[in-house]
Each structure stands twice: as structure tokens, then as C-alpha cells.
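What follows is each chain in one-letter form.
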Amino acid sequence: MMDFFPQPVAPTIPCSEMSIFAEGLDHPEGLAFDAEGVLWAGGEAGQIYRIVEGKVEQVGNLGGFCLGVTISRRQELFVCNLGLHALQRVDRSGRVLATIDNVDGQKLETPNFSVFDSQGNLYFSDSGKWHAGNGWVYRLRASGIAERFAGPFAFANGLCLNAVEDSLFVVESQLDRVTRVPIRSDGAAGPAETYASGLARVPDGIAMDSEQNLYVTCYATDCLYRITPAGAVELFAYDPEGTILARPTNAAFGGMDGKTLYVANLGRWHITQLRMETAGQPLAASARARTILT
């Protein structure tokens, strides 16, 4: 085991339990499931991919570089487009419906990832510049008003809401940690606090299961950490050869029972799948979440 891992222990999931779900994508970073269980992903030249049972279809090209992809309740895609410095709302044919390139006159630098809450508000990160500590999290309200929510952060990246939506977890890639931002009853952000640290190195994406465990992908070490609700950090998966997990970025739960974790690999051309014991937390735009909420 390399010395960048704080615990000299074997990962929970061996490489033999990981496999390739789909391949032939152009260095995918973001991925998300729609209400029909279809997986959507982006490419580094602006591609939008639709993936059914491992078969990849390119349905559009936005230009730029697609990072995070999130699905709304209306089953539209919200794409953080690094190359165009914009958050884009896109329909299922790949057509751009709306673009946000600034908030309150502040131009977006590195829009990276987004997540919906149950009220239809979209939180999205702008990582800022590396080494600048100028990342922010913005909120696009269901009313269409965009506003600054929390920051600054050291390269704000992946985002995740807990089940009761009183905490937003923010990956700070440059500090190898996850930060928790309380969401007050009036919707304002409370004081940010370190939730888990020592995520070596360059944590990127984050996903939560139904038991409130967090799973964090680490770009520079081809690994995946699990963080318990108590904040304990565990090396969950690691690929020393960087072929199955290859510069992993975002992760999403899916499959018929919600117990498969899918990981995008920016360093190669495929999406990895891992079978899990626990299902993912239903997202606000998913069919399961809509059933629970109605």
C-alpha cells in the first residue's frame, strides 16, 4: 500500500469486485440517473451521453467540457460546463434550454457539480482557481433566482445533501477534506465545519447511501473512501494499477435495487460499477424520492 494512505490496511472492496459497466466515453467526469433508470454522462469535449444497459449513445454536444451532471424532476439535465464557464439546462435531446454564466454579476470560473433539494432548489459549486481558495457554492432557487450560498472554499467540488436536508457536504479538493455546511430553517448557511479529513489525495465526487454513509472519490490516488455518520474514514476501494478506477471523479447509485455504485473515470473511457450492501439515498429528482415525498 502506498504511503499516501493514512491507514496501512487493505481496502474493503478488492479490485476483483469492480467491473466496467460502459466504455467508449470521452473521459467522463459527471454522471446521473434519470427517473427511468437511464444513466447520463458528459465528456471532455462537451458530449452528452445516454447509457442503457451499458450501451453508450451520444445525444448531443454542448462544446466546452462537461463536469457534473444532475437530473431535475422535469427530467432535464443541469450540466456544469467548465469550458464555457456556465451552468446549462439541457433537454433529453441535448438541446440547451438556458445558461447561467454569472451570479449577481460575478462570472462563474469553474462550475463543477450540483445537487437538487426536495423543494427544487439547485446547489452548485464553482471551484474557483487552484491554489486561490476562492471556491463558492451557489444556489439556484426554484423561482429562478441565483444567489451566493456559502464559501469561500479551497476548490469546492462535489456536493451532497443529507436525508433531512439540514446539511450540505462540500468536497474541498485542495485540502483533502469534506466540509459540512449547516442549512438553517430560514435557508441560510450556518458556519462551515470540517466533517472528514485525510482523504488522500484530491477528493472529487461524493455520494450518500440510505444509511447516511458518504462515499468520496479521490482523483489523484484512484481510490474511494467511505465516511460513516460518525465521521470515521475508511479506505473503501483502491486500484493500484489505475485501470478500473482511473482518476475517478463523480459517483452515483443506481441499478434496479439502487445497490450499485457507478463511478466516472476521467483518466480513461469507461464507467466502473461496484455492488454495494446498502442502497443509495434517493435523490430529490428520482422516482423513488418522488414516491416518498408524495
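From a predicted model like this one, the values you see are computed outputs, not experimental measurements.

Draft legend 1. Region of the structure containing the overall build of the protein. Helix and strand counts for the protein stand at one helix and 26 strands. What you see for the protein is a C-alpha radius of gyration of 17 Å, in line with the 19 Å of a compact globule of 294 residues. Projected onto the principal axes, the alpha-carbon positions of the protein cover approximately 50 × 45 × 40 Å. Taking all 294 residues of the protein together, 56% fall into the buried category. Within the protein, counting contacts between residues at least 6 apart in sequence, those at least 24 apart form 44% of the total. Measuring between centres, the 23 positive side-chain charges of the protein sit 5 Å from its 33 negative side-chain charges.

Draft legend 2. Main features of the nonpolar core. Core analysis: the biggest nonpolar cluster contains 18 residues, and F169, V178, I206, L214 and I227 have the highest contact counts within it. Going through the elements one at a time, β17 (167-172), β19 (193-197), β20 (203-208), β21 (214-218), β22 (223-227) and β23 (233-238) are the ones with two or more residues in this core. When near neighbours in sequence (up to four residues on either side) are disregarded, I227 contacts V178, Y195, A196, L199, Q212, N213, L214, V216, A232 and V233. Membership of the second largest hydrophobic core comes to 17 residues, among which are L67, L108, F116 and Y138.

Draft legend 3. Focus on unusual backbone geometry. The amide bond that connects G151 to the next residue, P152, takes the cis arrangement and shows omega of 5°. Mapped onto the elements of the fold, P152 is located in strand β15 (residues 146-153). Here F155, not a glycine, exhibits a phi torsion of approximately 65°, which is positive. Position of F155 among the secondary structure elements: in the loop between β15 and β16 (156-161). Residue D222 is not a glycine yet carries a positive backbone phi of 50°. Its place among the elements puts D222 in the loop between β21 and β22.

Draft legend 4. Here's a closer look at the pattern of salt bridges. The full count for this structure, using the stated rule, is twelve salt bridges. With its nearest N and O atoms 2.8 Å apart, the salt bridge here joins E193 to R180. Of the two residues, E193 is situated in strand β19 and R180 in strand β18 (residues 177-182); the sequence distance between them amounts to 13 residues. For E193, a relative accessible area of 38% corresponds to the partly exposed category. Residue R247 is joined to D222 by a salt bridge in which the shortest nitrogen-to-oxygen separation is 3.3 Å. In this pair, R247 is assigned in the loop between β23 and β24 (248-254) and D222 in the loop between β21 and β22, connecting sequence segments 25 residues apart. D222 sits in the buried class, given a relative accessible area of 11%.

Conventions adopted
Residues numbered from 1 in each chain as written. Predicted model: local features only at pLDDT ≥ 70, side-chain atom pairs only at ≥ 80, totals over all residues. Heavy atoms only, no water. Helix = DSSP H or I, 4+ residues; strand = E, 2+ residues; numbered from the N terminus. Rg over C-alpha atoms; globule rule 2.2 N^0.38 Å. Buried < 20%, exposed > 50% of the residue type's maximum accessible area, 1.4 Å probe, protein only. Contact = heavy atoms within 4.5 Å. Lys, Arg positive; Asp, Glu negative; His and termini not counted. Charge placed at Lys NZ, Arg CZ, Asp CG, Glu CD. Core = buried A, V, L, I, M, F, W, Y, C linked by side-chain atoms within 4.5 Å. Salt bridge = Lys/Arg side-chain N within 4 Å of Asp/Glu carboxyl O.

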